[in-house]
Amino acid sequence: MDLRYTDEEIAFREEVRAFFRDKLPADIREKMVDAEHVGKDDFVRWTRVLNEKGWAVPHWPVEHGGTGWGPMKQYIYLEELQKFPAPQPLAFGVNMVGPVIYTFGNDDQKDRFLPRIANLDDWWCQGFSEPGSGSDLASLKTRAVREADHYIVNGQKTWTTLAQYADWIFCLVRTDPAAKKQQGISFLLIDMTSPGIEVRPIVTIDGGREINEVFLTDVRVPVENLVGEENKGWDYAKFLLGNERTNIARIGVSKQRVARIRELAAKEMSSGRPLIEDERFREKLASIEIDLKALEMTQLRVIAADAKRGDTGRPDPASSILKIKGSEIQQATTHLLMEVMGPYAAPYLPEGDDRWNEPSNVPDYARFAAPSYFNNRKVSIYGGSNEIQKNIIAKAVLGL
Amino acid sequence: MDFDLSEEQSILKDALDRLLADKYGFEERNRILKSDAGWSAAIWRHYAEMGLMALPFAEEDGGIGGGAVESMIVMESLGRVLALEPYFATVILGGGFLRLGGSTEQRAEWVPQIAEGALKLAFAHTERDARFDLNHVETTARKDGGSYVLSGAKSVVLHGDCADRLVVTARTAGGPREEGGVGVFLVDANADGVSRRGYATQDGLRAAEITLDAVEVPAETVFGDPENGLPLVRHVVDQAIAALCAEAVGVMSAMHALTVDYMKVRKQFGVPIGSFQALQHKAVDMFVALEQARSMTMFATMMADETDAAERARAMHAAKAEIGRGGRLTGENAVQIHGGVGMTMEYAVGHYFKRMTMIDVAFGNSDHHLRQLARAGGLFADTAA
């Protein structure tokens with residue numbers, strides 16, 4: 001047992017930090033500090049900086065543009081990215097569809113899509129959930145019928161994050177309605193400019209326009225956009241949801257938020273002194289930090305095990321708790337950050353409006369505190385709700 | 001980073017687990033528990049033969065040269081069977097004063113005796129109004145020529161009933177809560193003026209209330225600086241906390257395993273109770289708490305030899321707080337899922353729950369350590385960390 005970072009890892013961390021300091025545009029960092037509210041242009045701008053450095057898709061195989069870093073370096077890179085804070089390359093491309101394409105796609109698909117994902121030339125969104133298929137994802141109904149060299153797709157997807165920017169959507173569609181529900185599903189790549197696609201925004205409780213409904217009506221998809229084999233899509237979806245063990249806990253995000261809480265609690269006053277001097281407040285923050293430290297160690301255990309075994313085998317059972325604890329901690333930090341603002345959590349400034357009526361006492365940093373708390377309720381719902389995660393652990397880890 | 005045990009460490013763990021599997025079945029433990037001493041001298045000899053007593057001491061002192069990781073391994077295994085022997089009191093706590101504060105002569109005199117199982121120690125520190133504050137010492141040590149004369153009363157001294165020697169804190173100077181002026185003395189438990197009242201604790205271990213009435217001890221029994229022993233006490237207690245966390249992981253993992261096994265065999269309404277989602281989620285909550293406790297114990301173990309006392313203390317505050325709350329969740333759910341049988345003395349799970357509960361009140365409970373950590377500025381005060 002040796003829980004220290006190696007000299008090489010420490011040097012690498014410094015290199016990553018220095019690169020972010022030099023290259024991340026100040027306006028993007030500023031937007032990231034209090035809310036992860038960056039626009040499409042910001043994402044594209046930053047991803048291209050990373051891609052030029054060769055760091056947009058570090059976890060991919062080297063032949064597709066990956067860096068060849070082991071799990072520990074990948075983790076250090078991600079943690080620094082999150083702590084800085086800098087935007088993470090768009091997950092739907094680099095973490096979701098990209099790995100599915102390079103693992104199960106054909107050579108044409110790899111050549112066509114992977115470089116454009118790495119450079120964010122194509123913005124991808126995820127077409128999994130449907131109005132009737134949330135936690136019970138395999139019950140999805142969107143239908144794809146083969147007609148000569150096309151699939152004709154009809155159905156509706158929902159909760160589709162940032163579909164308003166998307167050039168492409170990867171969809172789970174039902175190709176064999178007679179088969180058992182997991183076995184008649186295929187994985188299709190669909191051009192968002194295809195006739196028959198309509199995107200309607202869903203406004204979330206924080207006032208944000210992050211998610212959408214996507215309607216597909218007689219959308220013609222060329223058969224070459226099928227990934228892998230027909231009716232094997234569920235396997236690819238499980239791979240997609242299961243292959244992320246270095247980031248699901250989002251340790252760096254929570255560390256950044258803890259630092260921000262400490263910083264702003266020194267500015268906000270309570271009982272005539274800075275809030276950070278209030279013993280009860282400090283205990284609440286310390287309590288979150290303890291949980292976060294434990295989770296960081298758990299995360300490092302999982303990564304060290306991955307590094308030792310190679311990233312392909314059965315994951316350490318501890319990996320199953322990363323999503324549950326990671327989401328709980330993210331939610332606790334966003335709540336405490338909102339508490340820091342006291343009454344200034346209340347004023348609401350809609351997106352697009354850029355300042356309060358002058359003169360104003362409302363601190364700029366208070367603007368996103370409550371919305372961020374509201375928005376972060378999602379993290380225990382998406383990607384398999386925490387209750388679903390517990391069902392999975394009960395079955396797969398505890399054997400119940 | 002490497003979280004795995006080395007080959008030697010794995011061999012140690014396997015050998016100890018084999019011994020305990022053989023000697024420490026639940027029935028056998030009950031028999032030991034009800035004996036007069038409350039622990040087994042025969043098993044104590046097995047520990048010594050295996051080298052457990054010598055384990056954390058330097059080879060030149062007659063030890064084996066193990067470190068915090070070896071102690072973690074031993075304590076976790078002892079926790080898993082709820083071992084009753086005074087290992088923690090003697091080797092971790094008492095031995096800690098020798099390792100971190102003992103002179104060459106002191107180590108040469110006492111380490112070999114510990115290693116062969118001939119010497120039992122206890123740490124006599126807690127006082128009536130001290131609660132969890134290590135600096136609160138009212139017992140006095142008056143210099144008298146080449147000796148000190150100790151007077152005062154010590155409470156809940158773990159294994160103080162059977163110890164051959166007591167590590168006693170006493171004031172050579174200063175008021176009851178001052179950082180300076182505390183000395184640490186090695187006192188013959190049978191010396192004139194020492195009176196002990198032994199008793200069982202809630203978890204079946206043994207402890208004592210100890211009165212020191214003008215006990216004369218030679219000056220060479222002092223560990224380190226008689227005017228400034230508190231840093232030594234804090235260091236030893238920090239290492240003891242790391243070891244207690246490891247014991248707690250053993251206790252929690254045993255409770256969790258017992259509970260999950262029970263869920264598979266206990267039937268109600270014609271099906272195993274493990275098929276009920278409400279209970280499954282409780283069992284998963286226990287699993288999460290266990291893994292988080294394990295992670296935090298590794299962190300505490302790594303920090304046990306940290307020389308920056310403030311850094312080390314923050315790590316121990318965090319670990320002990322996490323263990324306290326996770327242990328309580330695990331213990332309460334273990335009893336709840338077992339239902340009525342979990343309430344009985346006849347069944348193991350309640351004994352684990354009790355030990356877990358008593359671990360929380362040893363060397364500062366969860367609330368105490370959370371408060372201390374908050375006062376120290378938290379864990380991630382350095383935003384670069």
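Residues numbered from 1 in each chain as written. Chains lettered and ligands numbered in written order. Predicted model: local features only at pLDDT ≥ 70, side-chain atom pairs only at ≥ 80, totals over all residues.

**Here's the deal with the overall build of chain A**
- When its secondary structure is counted, chain A shows 12 helices and 9 strands.
- Relative to the 2.2 N^0.38 estimate, which gives 21 Å for 400 residues, the radius of gyration of chain A is 22 Å and therefore close to what a compact globule would have.
- In terms of principal-axis extent, the alpha carbons of chain A reach across some 75 × 55 × 50 Å.
- Nonlocal contacts in chain A, meaning residues at least 24 apart in sequence, comprise 71% of its contacts between residues at least 6 apart. (Helix = DSSP H or I, 4+ residues; strand = E, 2+ residues; numbered from the N terminus. Rg over C-alpha atoms; globule rule 2.2 N^0.38 Å. Contact = placed C-beta atoms within 7 Å.)

**Notes on the pairing of strand S1 (residues 124-127) of chain A**
Residues and elements named next belong to chain A.
- Of the two faces of S1, both are covered, the one formed by Trp124 and Gln126 as well as the one formed by Cys125 and Gly127.
- Sheet analysis places S1 next to strand S4 (residues 168-174), joined by 4 bridges and oriented parallel. Paired with Gln126 across the two strands is Phe170, which belongs to S4. (Buried ≥ 20, exposed ≤ 12 C-beta atoms within 10 Å, placed from the backbone. Pairing = 2+ DSSP bridges.)

**Re the environment of B:Asp285**
Residue and element names in this part refer to chain B.
- Summarising the element assignment, Asp285 is placed in helix H8 (residues 277-303).
- Along the backbone, Asp285 and Thr330 are 45 residues apart, and their C-alpha atoms lie at a distance of 7.9 Å.
- When residues no more than four places from it in sequence are discounted, the contact partners of Asp285 are Leu329 and Asn333.

**Details of the UniProt feature "domain: Acyl-CoA oxidase/dehydrogenase middle" (unreviewed entry) in chain A**
- Within this structure's numbering, the places UniProt gives as "domain: Acyl-CoA oxidase/dehydrogenase middle" (unreviewed entry) are residues 125-218 of chain A.
- Annotated as residues 125-218 of chain A, this span is 0% helix and 47% strand, and its ends, taken at the C-alpha atoms, are 19 Å apart. (UniProt positions renumbered as here; feature names shortened; annotations may be inferred.)

**Examining the UniProt feature "domain: Acyl-CoA dehydrogenase/oxidase C-terminal" (unreviewed entry) in chain B**
- In the numbering used here, UniProt assigns the feature "domain: Acyl-CoA dehydrogenase/oxidase C-terminal" (unreviewed entry) to residues 228-376 of chain B.
- With 79% helix and 3% strand, residues 228-376 of chain B has its two end C-alpha atoms placed 21 Å apart.

**Some thoughts on the interface of chain B and chain A**
- Across the boundary between the two partners, chain B contributes 33 residues, which contact 35 residues of chain A.
- Looking at the side of chain B that touches chain A, the elements that each hand over two or more residues are helix H7 (230-265), H8, helix H9 (309-338) and helix H11 (366-375) of chain B.
- Considering each element in turn, the side of chain B that touches chain A owes the most residues, 13 residues, to H8(B).
- Of the residues in the side of chain B that touches chain A, the class split is 21 nonpolar, 7 polar and 5 charged. (Nonpolar A, V, L, I, M, F, W, Y, C, P; charged D, E, K, R; others polar.)

**Structural notes on the domain arrangement of chain B**
All names here are of chain B.
- Taken domain by domain, chain B holds domain 1 (7-118), domain 2 (122-221) and domain 3 (230-375).
- One C-alpha centre belongs to domain 1, the other to domain 2; they are set 23 Å apart.
- Counting residues at the interface gives 10 residues for domain 1 and 12 residues for domain 2.
- Counting residues per element, the side of domain 1 that touches domain 2 draws most heavily on helix H5 (residues 87-101), at 5 residues.
- Classifying every residue of the side of domain 1 that touches domain 2 gives 7 nonpolar, 3 polar and no charged. (Domains from an automatic or database assignment.)

**So, the nonpolar core**
- If you look at the biggest cluster of nonpolar residues, it comprises 229 residues, and the most contacted ones within it are A:Leu188, B:Phe185, B:Cys245, B:Ala283, B:Ala300 and B:Ala319.
- By residue number, the principal contributor to this core is H7(B), which donates 20 residues. (Core = buried A, V, L, I, M, F, W, Y, C linked by C-beta atoms within 7 Å.)

**Overview of the domain arrangement of chain A**
Residue and element names in this part refer to chain A.
- What the domain assignment reports for chain A is domain 1 (7-89), domain 2 (124-240) and domain 3 (245-396).
- Measuring from the centre of the C-alpha atoms in domain 2 to the corresponding centre in domain 3 gives 31 Å.
- At the junction of the two partners, domain 2 supplies 6 residues and domain 3 supplies 7 residues.
- Residue composition of the side of domain 2 that touches domain 3, by class: 1 nonpolar, 4 polar and 1 charged.

**A word on helix H6 (residues 107-118) of chain A**
All names here are of chain A.
- For H6, spanning 12 residues, the distance from its first C-alpha to its last is 16 Å, which sits close to the expected 16 Å at 1.5 Å a residue.
- Every buried residue belonging to H6 is among Phe113, Leu114, Ile117 and Ala118, and all of these are buried. For H6, the angular spread of the buried residues around the axis is 125°, confining them to a single face. In H6, those exposed residues whose orientation departs by more than 90 degrees from the buried face are Asp108 and Asp111.
- Residues of H6 that are buried in the fold lie against helix H3 (40-53), helix H5 (91-104) and S1. (Expected span 1.5 Å × (residues − 1). Arc of directions from axis to C-beta.)

**Brief notes about unusual backbone geometry**
- Here the bond from A:Phe84 into A:Pro85 is cis, since omega is -5°, no more than 30 degrees from zero.
- Take A:Pro85: it is sitting in the loop between helix H4 (71-83) and H5.
- For A:Ala148, which is not glycine, the phi torsion reads 55° and is therefore positive.
- Within the secondary structure, A:Ala148 sits in the loop between strand S2 (143-147) and strand S3 (150-157).
- Its identity as a non-glycine residue notwithstanding, B:Ala214 has a phi of 50°, on the positive side.
- Turning to its location among the elements, B:Ala214 is positioned in strand S7 (residues 206-218).

**As for the packing of H5(A) against helix H7 (residues 233-242) of chain A**
All names here are of chain A.
- Two numbers describe how H5 lies on H7: the axes approach to 9 Å, and their chain directions differ by 125°. Overall, the two elements H5 and H7 adopt an arrangement that is oblique. The element H5 and its partner H7 pack so that their crossing is right-handed. Residues Met96, Pro99, Val100, Thr103 and Phe104 of H5 form the contact with H7, whose participating residues are Tyr236, Phe239 and Leu240. (Axes fitted to C-alpha atoms, helices over the stretch in contact; angles between N-to-C directions. Parallel < 35°, antiparallel > 145°, perpendicular 65-115°, else oblique. Left-handed = near helix turned anticlockwise from the far one by under 90°.)

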